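A structural walkthrough
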Amino acid sequence: MLGDNYIEINGVKLTPSTFDYQIAAVETVNQSEAGTDIVITSRLAKYTFNASWTGIDSSLLDTIEGFCLENTVTLKYKEKEYTCRARGAAPRLLGKSYKYRRSDGLWDVNLTFTQI
């Protein structure tokens, strides 16, 4: 059952505003002279997780940006751990939130975690 802090990244429990994932197969597909597919399957279940946070303060933004500066992170979801690359952070400052006290504003940020 999902509850507060339902994902964990490098030991940091987080609750994203939105969270989804895709499962894809890693395959090399070639065609024979007869037109049939010749498939070499390298992996059947490669996960890609997408998370977004809305209205976070600058300290949490720094934590999330820090994940992108590491080669790999450990993402824990539903008691299972995945070794992933965290990439694609593009923070967006919310309008006039720079006036928010004790912070450099409120931010929206999306992040993609790709299983290695």
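Quick notes on the rules
Residues numbered from 1 in each chain as written. Predicted model: local features only at pLDDT ≥ 70, side-chain atom pairs only at ≥ 80, totals over all residues. Heavy atoms only, no water. Helix = DSSP H or I, 4+ residues; strand = E, 2+ residues; numbered from the N terminus. Buried < 20%, exposed > 50% of the residue type's maximum accessible area, 1.4 Å probe, protein only. Contact = heavy atoms within 4.5 Å. Salt bridge = Lys/Arg side-chain N within 4 Å of Asp/Glu carboxyl O.

1. Concerning the side chain of Ser 58
Secondary-structure assignment places Ser 58 in helix 1 (residues 58–68). A relative accessible area of 13% places Ser 58 in the buried class. Those residues in contact with Ser 58, other than ones at most four positions away along the chain, are Ser 103, Asp 104, Gly 105 and Trp 107.

2. Here we look at the pattern of salt bridges
Counted under the stated rule, the structure contains two salt bridges. Between Lys 76 and Glu 79 there is a salt bridge, with its nearest N and O atoms 3.7 Å apart. Since its relative accessible area comes to 24%, Lys 76 is described here as partly exposed. According to the relative accessible area criterion, Glu 79 is exposed, its value standing at 69%. The salt bridge partner of Arg 92 is Asp 108, with a shortest N-O separation of 2.7 Å. Linking Arg 92 in strand 7 (residues 92–93) with Asp 108 in strand 8 (residues 106–115), this pair joins segments that are 16 residues apart in sequence.

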